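Residues per chain are reported as follows:
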Amino acid sequence: MKVLVTGANGFVGQNLIATLRLHPEIEIYTYDLDNTAEDLHAFTQDCEFVFHLAGVNRPENPEEFMTGNFGFTTQLLEALQIHGNKAPILITSSIQAELENDYGKSKRAGEQVVFDYATQVGTQAYVYRLPNVFGKWCRPNYNSAIATFCYNIANGLSIQVNNRDHVMNLVYIDDVVAAFIAAMNGQAIMAEQFTSVPEVSTLTLGEIADLIASFPTSRQNLQTPFVGVGVEKQLYSTYLSYLPHDQFAYDLKMNVDNRGSFTEFLKTPERGQVSINVSKPGITKGNHWHHTKTEKFLVVSGEALIQFRQINSQEIIEYRVNGDQLRVVDIPTGYTHNIINVGTTDLVTVMWANEAFDPQRPDTFFLEV
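Overview of the structure. Predicted, not measured: the structure shown is a model, and the values here were computed from it. (Residues numbered from 1 in each chain as written. Predicted model: local features only at pLDDT ≥ 70, side-chain atom pairs only at ≥ 80, totals over all residues. Heavy atoms only, no water.)

**Details of the pattern of salt bridges**
All chains considered together, the criterion is met by nine salt bridges. In this structure, D346 engages K280 in a salt bridge whose closest nitrogen and oxygen atoms are separated by 3.5 Å. Here D346, found in the loop between β19 (335-341) and β20 (347-353), pairs with K280, found in the loop between β13 (272-279) and β14 (284-289); they are 66 residues apart in sequence, far enough to count as distant. Accessibility expressed as a relative area gives 32% for D346, which makes it partly exposed. With relative accessibility at 37%, the residue K280 sits in the partly exposed group. (Salt bridge = Lys/Arg side-chain N within 4 Å of Asp/Glu carboxyl O. Helix = DSSP H or I, 4+ residues; strand = E, 2+ residues; numbered from the N terminus. Buried < 20%, exposed > 50% of the residue type's maximum accessible area, 1.4 Å probe, protein only.)

See the structure below:
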């Protein structure tokens with residue numbers, strides 16, 4: 001299949017093309033400001049679907065709104081008609097098309113000319129009135145508050161929030177791309193005249209700013225925010241994409257002694273804590289038990305003997321594990337336990353506890369196995 005993408009170098013265009021390239025059966029024609037009118041005519045001759053993403057939203061002169069958002073759309077449709085090409089066309093509009101400002105009027109005019117064209121030639125038009133789209137590769141300090149917040153906070157710069165109570169409807173770029181590809185495959189979600197992205201999140205500007213501002217502090221306190229699902233996950237992924245190239249890595253505090261080291265890696269309020277334990281050959285660590293805290297040990301390098309004893313019993317239970325065969329060992333409550341490096345190299349163990357360590361309530365009691 002041959003598809004044409006206008007506005008290919010823009011935020012949405014880059015993300016769409018990156019996904020389309022994962023499908024080798026799709027040939028992509030990319031069109032942007034550096035292309036010529038001849039390119040447009042060549043691409044419209046045999047393309048089988050058109051993603052029309054090109055547009056103007058921050059011109060130097062207000063008249064450029066109509067030129068960029070209506071005028072070029074007209075040129076594109078004329079080129080398709082010249083070649084008798086009835087390829088379906090998808091265009092990105094904006095919720096501002098409902099407003100009477102210059103930008104809104106130009107977007108509304110672009111929508112109408114596409115609807116009229118589709119009716120005239122007998123093809124399908126998909127018009128998306130998108131709300132605030134966010135995600136990787138969006139230009140900061142331009143027309144996206146989220147891109148600006150992410151960029152500034154990731155680079156240690158201040159942000160300005162004029163109205164914390166302002167409500168924003170958000171769509172994530174991956175959801176937008178998925179909806180576009182579904183439309184290309186004839187599975188668009190239609191809402192009356194317009195086509196929609198089903199996954200929309202609603203947050204206030206203050207909530208967005210506070211959430212993004214919390215991300216860098218997780219490197220200091222190791223408290224990983226709740227970023228596994230939903231808009232929090234999407235905002236965190238977006239934030240990381242704006243990190244400076246020399247800030248991808250950060251150091252952890254290693255608690256080192258003659259036995260080896262113990263380093264906390266991640267803490268969460270609802271999923272516990274992950275730490276890395278390194279033991280020198282012959283070293284025994286542990287010899288303690290817990291009332292309620294549970295743990296999982298995973299030896300990833302070296303050889304270990306893990307011993308257990310129920311605190312009211314004399315029976316010792318032993319497990320031998322090593323880094324050549326990854327095996328998780330659960331640490332039950334009420335059992336004193338230890339881990340002994342019985343190998344000749346450093347023993348490296350990933351340790352998970354179901355709660356982050358609280359020095360005021362450690363739930364850890366010394367007792368030799």
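**Digging into helix α5 (residues 145-154)**
With eight of its 10 residues buried, α5 lies for the most part within the structure. Buried residues in α5 make contact with β6 (132-134), β7 (167-172), α7 (205-214) and α9 (230-240). Taken from the residues just after α5, G156 is the one with a positive phi, measuring 70°. (Contact = heavy atoms within 4.5 Å.)

**A closer look at the environment of R309**
Considering the arrangement of structural elements, one finds R309 in strand β16 (residues 303-310). Sequence separation between R309 and T294 is 15 residues; the distance between their C-alpha atoms is 15 Å. Leaving out residues up to four positions away in the same chain, R309 has contacts with Q314, E315, I316, G334, Y335, T336, L367, E368 and V369. Polar side-chain contacts of R309 include one of 2.9 Å to the backbone oxygen of S313. (Polar contact = N/O pair within 3.5 Å; in protein donor to acceptor, adjacent residues only side chain to side chain.)

**Side note on the sheet that holds β6**
Read from one edge to the other, the open sheet built from three strands follows the order β6-β7-β10, with strand pairing classed as mixed. The sheet terminates laterally at β6 and β10 (201-204), the two strands that pair on one side only. Sheet twist, expressed as the average angle between the axes of neighbouring strands with direction ignored, equals 45°. In terms of strand pairing, β6 meets β7 through three bridges, oriented parallel. If you follow V133 over to β7, its bridge partner there is V171. (Pairing = 2+ DSSP bridges. Axes fitted to C-alpha atoms, helices over the stretch in contact; angles between N-to-C directions.)

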